[in-house]
Amino acid sequence: MSHLVSTLHLYNIANVKRVVADLSLCNTHSQVLAFTGPSELADCLKDVNVMVIPAGVPRKHSMTRNTVNSTVPIAAQVLTKKGVYDPKKLFGVTTLDVVRANTFVSQKKKLKHIIVDVPVIGGHAGITILPIFSKTKPSASLTDEEFQELTASDSECWN
């Protein structure tokens, strides 16, 4: 919906045309294009300024939480081989961890959840998740005890 997006490329190994059809109905000037399968990947990435790799499927009982942790290094290697890797333009982020951090802070500080924004960087597995509480908006200072509760390696918050 942003006026900064002129073209949106969607890629999947399976058919993505239905999602493209739905997104094309949005009231925007953006063009939405579908790319399916390995043979169309190069075309999908041509002249792209931002690439988003979603985590994909919900985790099953036997699965580990390493999708983003694995995908970012793989993407770095592919981009390096193509001679276009820029470490300032490749990073991992998961909305789930941002939503969790926002919820935890809003509950601890008794703030409306809708107004809280806690940036989160890192991976999506336990100790690699790094909420940047000092950048929380609105500013919300955590006590040492609250900080420990939210960041301890055995915390229930991120499992």
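Residues numbered from 1 in each chain as written. Predicted model: local features only at pLDDT ≥ 70, side-chain atom pairs only at ≥ 80, totals over all residues. Heavy atoms only, no water.

Q: Looking at this structure, how should I read the overall build of the chain?
A: Within the chain, the regular secondary structure consists of 5 helices and 4 strands. Listing the helices and strands of the chain from first to last along the sequence gives β-α-β-α-α-α-β-β-α. Expressed as a percentage of the 159 residues in the chain, the buried residues total 25%. Long-range contacts, defined as pairs at least 24 residues apart, comprise 45% of the intrachain contacts of the chain with a sequence gap of at least 6. (Helix = DSSP H or I, 4+ residues; strand = E, 2+ residues; numbered from the N terminus. Buried < 20%, exposed > 50% of the residue type's maximum accessible area, 1.4 Å probe, protein only. Contact = heavy atoms within 4.5 Å.)

Q: Can you help me understand the environment of Leu4 in this one?
A: With respect to the helices and strands, Leu4 occurs in the segment before strand 1 (7–12). The class of Leu4 is exposed, set by a relative accessible area of 70%. When the C-alpha positions of Leu4 and His29 are compared, they lie 9.9 Å apart, and in sequence the two are 25 residues distant.

Q: Is there a simple way to explain the nonpolar core in this structure?
A: Across soluble globular proteins, nonpolar side chains show a tendency to be buried alongside one another. Counting residues in each nonpolar core, the largest one holds 12 residues, listed as Val98, Ala101, Phe104, Val105, Val116, Val118, Val120, Ile129, Phe133, Ala140, Leu142 and Leu150. In terms of residues, this core owes the most to one element, helix 4 (residues 95–109), which gives 4 residues. (Core = buried A, V, L, I, M, F, W, Y, C linked by side-chain atoms within 4.5 Å.)

Q: Would you mind showing me how to read the pairing of strand 1 here?
A: Residues in a regular strand project their side chains so that they alternate between the two faces of the sheet. Of the pairings in the sheet, the one linking strand 1 to strand 2 (residues 31–36) comprises 6 bridges and is parallel in character. Each bridged residue has a counterpart across the sheet, and for His9 the counterpart in strand 2 is Leu33. Handedness of the crossover joining strand 1 and strand 2 through helix 1 (residues 17–23) is recorded here as right-handed. (Pairing = 2+ DSSP bridges. Right-handed = clockwise from strand over helix to strand, strands pointing away.)

Q: Whenever I open this one, the confidence of the model for the chain confuses me. Can you help?
A: Regions with low pLDDT carry predicted coordinates that are not meant to be interpreted in detail. Chain-level pLDDT for the chain is 81 on average; 81% of the residues reach the 70-or-more range. Of all helices and strands in the chain, the one with the weakest mean pLDDT is helix 3 (residues 67–81) (79), whereas helix 2 (residues 41–45) scores best (91). (pLDDT = per-residue confidence, 0-100.)

Q: What is the right way to read unusual backbone geometry from this model?
A: Leaving glycine out, the prevailing phi sign among residues is negative, and the prevailing peptide bond configuration is trans. Residue Pro138 is reached from Lys137 by a cis peptide bond, and omega for that bond is -10 degrees. Among the secondary structure elements, Pro138 is positioned in the loop between strand 4 (129–131) and helix 5 (144–151). In the Ramachandran plot, Asp47 falls in the positive-phi region, its phi being about 60 degrees despite a non-glycine side chain. With respect to the helices, strands and loops of the structure, Asp47 is situated in the loop between helix 2 and helix 3. According to the relative accessible area criterion, Asp47 is exposed, its value standing at 69%.

Q: Honestly, the pattern of salt bridges in this entry has me stumped. Any pointers?
A: Side chains bearing opposite charge may pair, as long as their charged atoms lie close to each other. Going through the model one piece at a time under the given rule, you end up with 4 salt bridges. Of the charged contacts, one joins Arg18 and Asp22 as a salt bridge, the two residues approaching to 3.4 Å between their closest N and O atoms. One end of the pair is Arg18 and the other is Asp22, both in helix 1 and 4 residues apart, which spans about a single turn. Here Arg18 falls in the exposed class, since its relative accessible area comes to 62%. Classification of Asp22 by relative accessible area gives partly exposed; the value is 38%. Its salt-bridge partner being Lys109, residue Glu146 comes within 3.0 Å of it at the nearest N-O pair. Taken together, the positions of Glu146 in helix 5 and Lys109 in helix 4 put the pair 37 residues apart, joining distant regions of the chain. When its relative accessible area of 25% is taken as the criterion, Lys109 is described as partly exposed. (Salt bridge = Lys/Arg side-chain N within 4 Å of Asp/Glu carboxyl O.)

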